[in-house]
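# Report on the structure
For reference, the chains in residue letters:
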Amino acid sequence: MGEPQGSMRILVTGGSGLVGKAIQKVVADGAGLPGEDWVFVSSKDADLTWLAWPGCAWLCSWANTLPSLPGSLHPHTSQALGPPSLLTVPPAIVPPSPCTQHPNLECWFPPEPPDSLAPHRDAAQTRALFEKVRPTHVIHLAAMVGGLFRNIKYNLDFWRKNVHINDNVLHSAFEVGACKVVSCLSTCIFPDKTTYPIDETMIHNGPPHSSNFGYSYAKRMIDVQNRAYFQQYGCTFTAVIPTNVFGPHDNFNIEDGHVLPGLIHKVHLAKSSSSALTVWGTGKPRRQFIYSLDLAQLFIWVLREYNEVEPIILSVGEEDEVSIKEAAEAVVEAMDFHGEVTFDTSKSDGQFKKTASNSKLRTYLPDFRFTPFKQAVKETCAWFTDNYEQARK
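As the structure is a computational prediction, the values presented were derived from the model and not from experiment. (Residues numbered from 1 in each chain as written. Predicted model: local features only at pLDDT ≥ 70, side-chain atom pairs only at ≥ 80, totals over all residues. Heavy atoms only, no water.)

## Considerations on the nonpolar core
Counting 62 residues, the largest nonpolar core has I23, W38, L260, F299 and F373 as the members making the most contacts within it. Of the residues forming this core, the biggest block, nine residues, is contributed by helix α8 (residues 292–305). Core analysis: the second largest hydrophobic core is formed by 18 residues, V39, F130, V133 and A173 among them. (Core = buried A, V, L, I, M, F, W, Y, C linked by side-chain atoms within 4.5 Å. Buried < 20%, exposed > 50% of the residue type's maximum accessible area, 1.4 Å probe, protein only. Helix = DSSP H or I, 4+ residues; strand = E, 2+ residues; numbered from the N terminus.)

Spelled out as structure tokens, the structure:
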């Protein structure tokens, strides 16, 4: 899938997740090329989530560079000192503490944020990570993700955290001069009311499904930012839109995970306890599932060879779409489960279908071969069974 142009230092955010682990495996198995240095990071390396906490010392230093004015105030209290008042935080949010630069005064910006505002220190972590790695290329996978029911419950959290992560990563990449960023979107960003199949031109044509609008809009904004970075600075920041990804190292949590890993965990438990398998919903909604190892190969191709700012859908064909019922049957077969299977129709189905066209991908890679669905399910079930104690669940 192409040769690297000179040396490449590739930073992969979200490197311990489903797709990050798949890329790591594909690179280790021979897809990496001479001149490529791959760096996989996770939240243990840096919290990419929030805005920076400026801190008293920084604000005072900045304020003291300004011209002194008669009657001017301490930079972040109401007390007279030197430069004019710049910023005040209401006492109900941040209690005052001694100013580190002027101990005789009280300050609304202590050196470290209180517990209520602790997340605000972490854009600095993102910048420090990028300064340390100095990537020429970035694959941006880090995100707050979850299944249907978690999205329904926490739409605001999904919006806020993902918007902050994306802005921190994209701007840090810009600041260190990264040549290219490839971010990961999702087919849930497409309008709920639309015609099928959906394609790359339809992202902003209407509101997404109400069940996960927070996550969907946050992911849409990556496309907006990519276009803006290109228009203003000429940056090659782009995005891929995979359909439903699954594979080893997925999140198999029944409550918070996506449908297929959740089914795999449910079947494992039902088989272990000799009980019935209950599938949430009617089983009628349809999805295009893509194996994480196939997606990893396509990510590497996009990184090396796809030079459009416009996003590209990475998906199996429309003819490979399956119902949730068919997906459950594939898992039942792969795990050799012989118990009763029922459907709890009191549970939400979510969006009925999100059929995506992969015609753009096929114009670039007409001969790419996807792993057959049942084979990919069988390999994922085997990985989960073999790694049950360590698997995310």
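Next comes the rest of the description.
## Things to note about the pairing of strand β2 (residues 36–40)
Two elements, strand β1 (residues 8–13) and β2, share five bridges in a ladder whose sense is parallel. Among the inter-strand pairings, I10 is bridged to a residue of β2, identified as W38. Where the polypeptide runs from β1 across helix α1 (residues 18–31) and back to β2, its parallel neighbour, the crossover connection is right-handed. (Pairing = 2+ DSSP bridges. Right-handed = clockwise from strand over helix to strand, strands pointing away.)

## Side note on the packing of helix α9 (residues 324–334) against helix α11 (residues 373–386)
Close contact between α9 and α11 brings their axes to 9 Å; oriented N to C, the two are set at 55°. Taken together, the axes of α9 and α11 are oblique relative to one another. For the crossing formed where α9 meets α11, the hand is right-handed. Residues A327, A330, V331, E333 and A334 of α9 pack against F373, K374, V377, K378 and C381 of α11. Its residues placed into classes, the contact of α9 with α11 shows seven nonpolar, no polar and three charged. (Axes fitted to C-alpha atoms, helices over the stretch in contact; angles between N-to-C directions. Parallel < 35°, antiparallel > 145°, perpendicular 65-115°, else oblique. Left-handed = near helix turned anticlockwise from the far one by under 90°. Contact = heavy atoms within 4.5 Å. Nonpolar A, V, L, I, M, F, W, Y, C, P; charged D, E, K, R; others polar.)

## Quick notes on the environment of R160
In this fold, R160 is placed in helix α5 (residues 155–175). Given a relative accessible area of 37%, R160 falls into the partly exposed group. For the pair R160 and G214, spaced 54 residues apart in the sequence, the C-alpha separation amounts to 8.0 Å.

## Concerning the side chain of S216
For S216, the position within the fold is in helix α6 (residues 213–233). A relative accessible area of 0% places S216 in the buried class.

## Details of the pairing of strand β9 (residues 277–280)
Burial of β9 is one-sided: the residues L277 and V279 facing one way are buried, the residues T278 and W280 facing the other way are not. Note: β9 against strand β14 (residues 341–344), four bridges, orientation parallel. Residue L277 lies in a different strand from β14, and its bridge partner there is V341.

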